[in-house]
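Here's the letter readout for the chains.
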Amino acid sequence: MREHTFTIRFLAPGRTLDDLSIDLYDRIDDASLEGPDHDGSFLYEFDRVAPSLPNALATALSELTSALPEASVIRVHEYDLANMSDIAARAGRTPESVRLLVNGKRGPGGFPLAAGDLGGRMKVWRWADVAQWFEETLGQPLPNTSDSAFLQAFNNALEIRRLAGRLDKSQRQVIAAALPKELAAA
């Protein structure tokens, strides 16, 4: 058992910080509440003792949704997107070194595809993909990345959960069919 620290962002329309504090602090004793943020969301930071991060998140999510059934859980905060400067800082490299890796002018090539760009010129990558590439391609495991793929998938599942009510039956079926069999059957 070890302590896992993570933050869940959620919406609770019509609720105030004081109002939520009363409901949550009586039921969940290993977390602290902040907010509302500029977008009306709240942050709930957990220091949860559990055998694994997936176990810690599962129990925290269950407790939060049980205490606040009207809440809409948005995501677990993580550093899931990174630009070249972020990658350099996390990997202990210079920005120029990362730029050369990205452009295939240093290293073996095959740097992960960018997940998108911000403002046209600033590309961003999914941290889970970058961490996997550093470990598998360069033999350089990066610190604190063992749960990156899990957190990315967990947040994607939360996003699907949040949007499911806006989708018609045929759209939900297409999304369900896109899931790998081992997830759909789990």
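Residues numbered from 1 in each chain as written. Predicted model: local features only at pLDDT ≥ 70, side-chain atom pairs only at ≥ 80, totals over all residues. Heavy atoms only, no water.

K.L.:
Please set out the sheet that holds strand β6 (residues 116-118) residue by residue, giving values where relevant.
P.N.:
Strand order in the open sheet formed by three strands is β5-β7-β6, with antiparallel pairing between adjacent strands. Of all strands in the sheet, those bounded by a partner on one side alone are β5 (81-82) and β6. Judged from the two bridges that link them, β5 and strand β7 (residues 122-126) form a sheet pairing that is antiparallel. The partner of Ala82 across the bridge, within β7, is Trp125. (Pairing = 2+ DSSP bridges. Helix = DSSP H or I, 4+ residues; strand = E, 2+ residues; numbered from the N terminus.)

K.L.:
Account for the packing of helix α3 (residues 84-91) against helix α4 (residues 95-102), naming residues and giving values.
P.N.:
Across the interface, α3 lies against α4 with an axial gap of 8 Å and an inter-helix angle of 115°. Between α3 and α4, the interaxial angle falls into the category roughly perpendicular. Note that α3 runs across α4; the crossing there is right-handed. Contact with α3, carried on its side by Met84, Ile87 and Ala88, involves Pro95, Val98, Arg99 and Val102 of α4 and no other residues of that element. (Axes fitted to C-alpha atoms, helices over the stretch in contact; angles between N-to-C directions. Parallel < 35°, antiparallel > 145°, perpendicular 65-115°, else oblique. Left-handed = near helix turned anticlockwise from the far one by under 90°. Contact = heavy atoms within 4.5 Å.)

K.L.:
An account of the nonpolar core is requested, with residue identities and associated values reported.
P.N.:
Formed by 27 residues in total, the largest nonpolar core has its most connected members in Phe6, Phe10, Leu24 and Tyr44. Elements supplying a minimum of two residues to this core: β1 (2-11), α1 (17-25), β2 (31-34), β3 (41-50), α2 (53-67), β4 (72-76) and α6 (148-163). Sort the elements by how many residues they give to this core and α2 lands first, with seven residues. Not counting residues up to four positions away in its chain, the partners in contact with Phe6 are Tyr44, Glu45, Phe46, Arg48, Leu53, Ala56, Leu57, Ala60 and Val76. Ala82, Ala91, Val130 and Trp133 belong to the second largest nonpolar core, which has 15 residues in total. (Core = buried A, V, L, I, M, F, W, Y, C linked by side-chain atoms within 4.5 Å. Buried < 20%, exposed > 50% of the residue type's maximum accessible area, 1.4 Å probe, protein only.)

K.L.:
An account of the pattern of salt bridges is needed here, citing residue identities and associated values.
P.N.:
For the structure shown, the criterion picks out nine salt bridges. Notably, a salt bridge pairs Asp23 with Arg15, separated by 2.2 Å at the nearest N-O pair. Among the residues examined, Asp23 registers a relative accessible area of 29% and is labelled partly exposed. The closest approach of N and O atoms between Arg162 and Glu159, which form a salt bridge, is 2.8 Å. Taken as a pair, Arg162 and Glu159 lie in helix α6 at a separation of three residues, close to a single helical turn. (Salt bridge = Lys/Arg side-chain N within 4 Å of Asp/Glu carboxyl O.)

K.L.:
I'd like a rundown of the layout of surface pockets, residues and numbers included.
P.N.:
Put simply, the second largest pocket is a space of about 290 Å³. Taken together, Ala153, Phe154, Asn156, Ala157, Ile160, Ala164, Leu167, Arg172, Ile175, Ala176, Leu179 and Leu183 form the lining of the second largest pocket. A total of five residues in the lining of the second largest pocket trace back to one element, the largest contributor, which is α6. For the lining of the second largest pocket, the per-class residue count stands at ten nonpolar, one polar and one charged. (1 Å grid on protein atoms, 1.4 Å probe; cavity = no way out; pocket = protein on both sides within 12 Å on 5 of 7 lines; lining within 4 Å. Points joined across faces, edges and corners; volume = space filled by probe spheres on them. Nonpolar A, V, L, I, M, F, W, Y, C, P; charged D, E, K, R; others polar.)

K.L.:
I'd love a proper account of α2, names of residues and values included.
P.N.:
Taking 1.5 Å per residue as the helical rise, α2 with its 15 residues ought to reach 21 Å, and the 21 Å between its terminal C-alpha atoms agrees with that figure. Every buried residue of α2 is listed here: Leu53, Ala56, Leu57, Ala60, Leu61, Leu64 and Ala67. Angularly, the buried residues of α2 cover 135° about the axis, an arc narrow enough to put them on a single face. On its buried face, α2 is in contact with β1, α1, β3, β4 and α6. With a side-chain oxygen positioned 3.2 Å from the backbone nitrogen of Asn55, the residue opening α2 is Ser52. (Expected span 1.5 Å × (residues − 1). Arc of directions from axis to C-beta. Polar contact = N/O pair within 3.5 Å; in protein donor to acceptor, adjacent residues only side chain to side chain.)

K.L.:
Go over a nonpolar patch on the surface with me, naming the residues and quoting the values.
P.N.:
On the surface, Ile160, Ile175, Leu179 and Leu183 cluster together into a nonpolar patch covering about 320 Å² of accessible area. Checked against the element boundaries, Leu183 lands in helix α8 (residues 181-184). (Patch = residues over 30% accessible without salt bridge, like charges linked within 9 Å, V, L, I, M, F, W, Y side chains within 5 Å. Areas by Shrake-Rupley, 256 points an atom, 1.4 Å probe, with all protein chains shown as cover.)

K.L.:
Describe the confidence of the model for the chain, and please don't skip the residues or the numbers.
P.N.:
In the predicted model, the chain carries a mean pLDDT of 91, and 98% of its residues have values of at least 70. In the model of the chain, α8 stands out as the element of lowest mean pLDDT, 78, in contrast to α4, which has the highest, 96. (pLDDT = per-residue confidence, 0-100.)

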